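Residues per chain, in single letters:
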Protein chains: 2
Amino acid sequence: MPPVTIKDVARAAGVSPKTVSRVMNAEAHVRPAVRDHVLRVVAELDYRPNAYARSLSSSRSYLIGLFFDDPASGYAAEVQLGAMARCRHHGYHLVVERIDRDGPETLDEVSRTLQALQLAGVILTPPICDWSDLTDLLDHRGIPVVKLNSSRTGSSAAVIHIDDYQAARDMTDHLITLGHRDIAFVQGIVSHDAAGKRLAGFCDAMRCAGIGIRDAWIQAGDFSFRSGMAAGDAILSTNDHPSAVFAANDEMALGVLVSAAHRNIAVPKALSVVGFDDAPISRMAWPQLTTIRQPNAVLASVAIDILADPSYQQAGDRPARSVQVPYTFIGRSSSGPA
Amino acid sequence: MPPVTIKDVARAAGVSPKTVSRVMNAEAHVRPAVRDHVLRVVAELDYRPNAYARSLSSSRSYLIGLFFDDPASGYAAEVQLGAMARCRHHGYHLVVERIDRDGPETLDEVSRTLQALQLAGVILTPPICDWSDLTDLLDHRGIPVVKLNSSRTGSSAAVIHIDDYQAARDMTDHLITLGHRDIAFVQGIVSHDAAGKRLAGFCDAMRCAGIGIRDAWIQAGDFSFRSGMAAGDAILSTNDHPSAVFAANDEMALGVLVSAAHRNIAVPKALSVVGFDDAPISRMAWPQLTTIRQPNAVLASVAIDILADPSYQQAGDRPARSVQVPYTFIGRSSSGPA
DNA sequence: CTGAAAGCGCTTACAG
DNA sequence: CTGAAAGCGCTTACAG
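Note that an α-helix has 3.6 residues per turn; residues three or four places apart therefore point the same way. Residue and element names in this part refer to chain A. If you check helix α10 (residues 225-236), its first and last C-alpha atoms are 16 Å apart, about what 12 residues at 1.5 Å a residue would give, namely 16 Å. Along α10, nine of the 12 residues are buried, which leaves the element largely enclosed by surrounding structure. Taken residue by residue, α10 has F225, S227, G228, M229, A230, A231, G232, I235 and L236 as its buried positions. Where α10 is buried, its residues touch β6 (183-186), β7 (218-219), β8 (244-247) and α11 (250-262).

Spelled out as structure tokens, the structure:
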């Protein structure tokens, strides 16, 4: 049987299609009695408006884009989960697109997607949230954008993030309180907004505690397990290695852990290792990682709330918004007294 | 500026909208010269057909649904990556939906989604690919379905999978060849098609080699790290523990690894541990896991190819299809001689 | 508060 | 091989 349309409902309810439309969109100016009656018929017939017809006539869209570069990280999965749940709540759906910054046709493909789907909004995750060619394209088309895990405003996008700086200070203070003074730091990709803040938080905490930072103990990294292992190798290869390592994310911390295991350095007895993110893998390590919980699903929910807000969708009057979400320190067994 | 429409192209090319439509859809019966000319105008104006209008008039859809239960696993991410890439190739887009089998309104929400979006097809991943209420709903609506990592046909869905049985036999033979005879097995959720096959492959390999299987060494598990750790604890708590453990996936193998570390059992010296899937985490362990590479991105690509095939979309004549994709044995350092 | 008309941007079915 | 007409299922803009 063909799907139920607005006409079927109108006929069955004895009103015009326009009235049904008004009820479905919760518009004002419908007598309560009529409203209730229509709603009853809708339920009876199990009527669901066709999203394509709706979008075509209103040039609104019920699709929100979630763009990311690396879907393989637990990060992307967590963001997706939060976004999906909230989309359902607002009656939207999530379209995922992989954006490969190095792909020669990526921008062209995005542009194709935008015109074909006329997305109601787009969520951008790191690192592509800082790719200006992309944000310019989105801006140019007037598409509402929310950037996750970046506090860099600019353009008309809203930003949602935790206080990476303070969280990194907290984590460093945790180590200092445990008696550590020889602390190494493994950086993320420094061009990411969050990575820079985490480094700054570490440095400032050390400075405030009057502890010097050894150059060789600030190691480069790119947020990958492999780079964490390399950093661990560099840091732990000498006899006077530090008593603690703070990696800018959990994957790298895991790499440091493996590097330590390789050298038979006991964690946390001879070395404390801490991470950042509370990724699922942080609990699959041994010992489990002390880390900072970054509630990515919550960040994503907030992003959807913003994008689904009709008033935000009006082009033009999009005030710069910056939302900060609380983080949590998670003490586990990978860190101990110096 | 408002988007370019088919009328704009028609006017600029001096043909009717219908001809432009024919060109865009690569239909026959257009003179090559006209075709080329239209194509040139399309490129010039950067015209992209509006997907909503297209779908509304043709009641075809350019959206494919990817349904899963647990997006947090690396598995979902890998599937997504393969699906996204292939969707782009075919001009489709991926809509992700989380399906919580235990949610009271899940089926209702799916039904709502189906009517609103009229998906061109749906990819089902384990475990929901075996949820008959869901597959019935999809069947009832005549929506093409492809199930991943399941070889259970039934209904009209296509299935795509590796040879889990043979892969598990191969892995078991690997251990046997290394000299192991005391081998434990950690099961996945037995109701999953693949989990059953892996167990069967293990048992048959042991039987063929004339090796007995001790009951206490077949441990239950649910594919989670936690369950792997519990199984490891059960298996390794006695002094005469096995010399090798084969876990039905990598996450559980990691749990066994941690359980062994806990007891100071050296891997692979005193214990070989092998997994299945070649999940990203299998390389983040120490030692790295010997495993079976299951090319999930490839399975997903194949699924998209099937769903994007116009002939497959015609309701009715959907022949049962079962595609088997090759797997790869990955020898790493977590397994060694008995 | 309610409805009739027109239109969103395509494709289908039909002519020629 | 090409096109004019009608229609997909909604919403917009306008009346009343």
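Let us keep going from here.
Let us look at the relation of the copies chain A and chain B. Overlay of chain A on chain B (RMSD 0.0 Å): rotation 180 degrees, translation along the axis 0.0 Å. The operation mapping one copy onto its partner corresponds to a two-fold rotation axis. A share of 100% of interface residues in chain A that are also interface residues in chain B marks the association as one of identical surfaces.

This part takes up the protein's contact with DNA strand D. In the region of DNA strand D, 25 residues are neighbours, and I6, S21, A53 and S57 of chain A together with S57 of chain B sit closest. Listed by contribution, the elements that provide at least two residues to the surface near DNA strand D are α2 (17-24) and α4 (51-58) of chain A together with α2 (17-24) and α4 (51-58) of chain B. It is α4 of chain A that provides the largest number of residues to the surface near DNA strand D, a total of five residues.

Quick look at the packing of helix α1 (residues 6-13) of chain B against helix α3 (residues 32-45) of chain B now. Residues and elements named next belong to chain B. Their axes nearest at 9 Å, the elements α1 and α3 cross at an angle of 125 degrees. By the angle class used here, α1 and α3 are oblique. α1 and α3 meet at a crossing whose hand is right-handed. Contacts between α1 and α3 pair D8, V9, A12 and A13 from the former with H37, V38, V41, V42 and L45 from the latter. For the contact of α1 with α3, the class distribution of residues is seven nonpolar, one polar and one charged.

Let us now look at the protein's contact with DNA strand C. DNA strand C sits among 26 residues. The nearest are S57 of chain A together with I6, S21, A53 and S57 of chain B. Of all the secondary structure elements, the ones that give two or more residues to the surface near DNA strand C are α2 and α4 of chain A together with α2 and α4 of chain B. If you tally residues by element for the surface near DNA strand C, the top one is α4 of chain B, at five residues. For the surface near DNA strand C, a count of residues per class yields 12 nonpolar, 10 polar and four charged.

Turning our attention to the interface of chain A and chain B. Contacts between the two partners involve 40 residues from chain A, matched on the other side by 40 residues from chain B. Of all the elements in the fold, those that place two or more residues in the side of chain A that touches chain B are α4, α5 (74-90), β2 (93-98), α6 (106-117) and α11 of chain A. Considering each element in turn, the side of chain A that touches chain B owes the most residues, eight residues, to α5 of chain A. Broken down by class, the residue content of the side of chain A that touches chain B amounts to 25 nonpolar, eight polar and seven charged. Bridge analysis of β2 of chain A against strand β2 (residues 93-98) of chain B gives three bridges, and the strand direction is antiparallel. Bridging across to β2 of chain B, V96 of chain A finds its partner in L94 of chain B.

Residues and elements named next belong to chain A. Residues V145 and K147 of strand β4 (residues 145-148) are buried on one face, and the alternating residues V146 and L148, pointing to the opposite face, are buried as well. Of the strand pairs in this sheet, strand β3 (residues 121-124) and β4 are connected by three bridges, and their pairing is parallel. What sits directly across from I123, in β4, is V146. Crossover connection from β3 via helix α7 (residues 132-140) to parallel β4: handedness right-handed.

To continue, consider the environment of G196 of chain B. Residue and element names in this part refer to chain B. Tracing the backbone through its elements, the reader meets G196 in helix α9 (residues 193-208). For G196, a count of 19 C-beta atoms within 10 Å corresponds to the partly exposed category. Each C-alpha atom, one on G196 and one on Y165, is 8.3 Å from the other, the two residues being 31 residues apart in sequence.

This next bit is on the packing of helix α8 (residues 164-177) of chain B against α9 of chain B. All names here are of chain B. Remark: α8 packs on α9, axes separated minimally by 7 Å, with the N-to-C direction vectors making an angle of 40 degrees. Classified by the angle their axes make, α8 and α9 are oblique. Crossing of α8 against α9: the hand is right-handed. Contacts between α8 and α9 involve D164, Y165, Q166, A167, A168, R169, T172, D173 and I176 on the former and, on the latter, A194, K197, R198, A200, G201, F202, D204, A205 and M206.

All names here are of chain A. A sheet is described by the order of its strands in space; here four strands give the open sequence β7-β6-β8-β9, paired in parallel fashion. Edge strands, defined here as strands with exactly one partner in the open sheet, are β7 and β9 (272-274). Bridge analysis of β6 against β8 gives four bridges, and the strand direction is parallel. Paired with V186 across the two strands is A247, which belongs to β8.

Ranked by internal contacts, the top residues of the largest apolar core, which has 98 residues, are I64, I123 and A303 of chain A together with I64, I123 and A303 of chain B. W217, A231 and L254 of chain A together with F246 of chain B belong to the second-largest nonpolar core, a separate cluster that totals 96 residues.

As a further point, take the domain arrangement of chain A. Parsing chain A into structural domains produces domain 1 (6-49), domain 2 (58-161 + 296-326) and domain 3 (164-293). If you average the C-alpha positions of domain 1 of chain A and of domain 3 of chain A, the two centres end up 59 Å apart.

For the rest of this paragraph, the subject is α7 of chain A. Residues and elements named next belong to chain A. Where α7 is concerned, the buried positions are L134, T135 and L138. When α7 is viewed along its axis, its buried side chains cluster within an angular range of 95 degrees and face the same direction. Residues S132, D133, D136 and H140 are exposed on α7 and point more than 90 degrees away from its buried face. Positive backbone phi, at 75 degrees, marks G142, one or two positions downstream of α7.

What counts, and where the lines are drawn
- Residues numbered from 1 in each chain as written.
- Chains lettered and ligands numbered in written order.
- Predicted model: local features only at pLDDT ≥ 70, side-chain atom pairs only at ≥ 80, totals over all residues.
- Helix = DSSP H or I, 4+ residues; strand = E, 2+ residues; numbered from the N terminus.
- Expected span 1.5 Å × (residues − 1).
- Buried ≥ 20, exposed ≤ 12 C-beta atoms within 10 Å, placed from the backbone.
- Contact = placed C-beta atoms within 7 Å.
- Least-squares fit on C-alpha atoms with pLDDT ≥ 70 in both.
- Near = placed C-beta within 6 Å.
- Axes fitted to C-alpha atoms, helices over the stretch in contact; angles between N-to-C directions.
- Parallel < 35°, antiparallel > 145°, perpendicular 65-115°, else oblique.
- Left-handed = near helix turned anticlockwise from the far one by under 90°.
- Nonpolar A, V, L, I, M, F, W, Y, C, P; charged D, E, K, R; others polar.
- Pairing = 2+ DSSP bridges.
- Right-handed = clockwise from strand over helix to strand, strands pointing away.
- Core = buried A, V, L, I, M, F, W, Y, C linked by C-beta atoms within 7 Å.
- Domains from an automatic or database assignment.
- Arc of directions from axis to C-beta.

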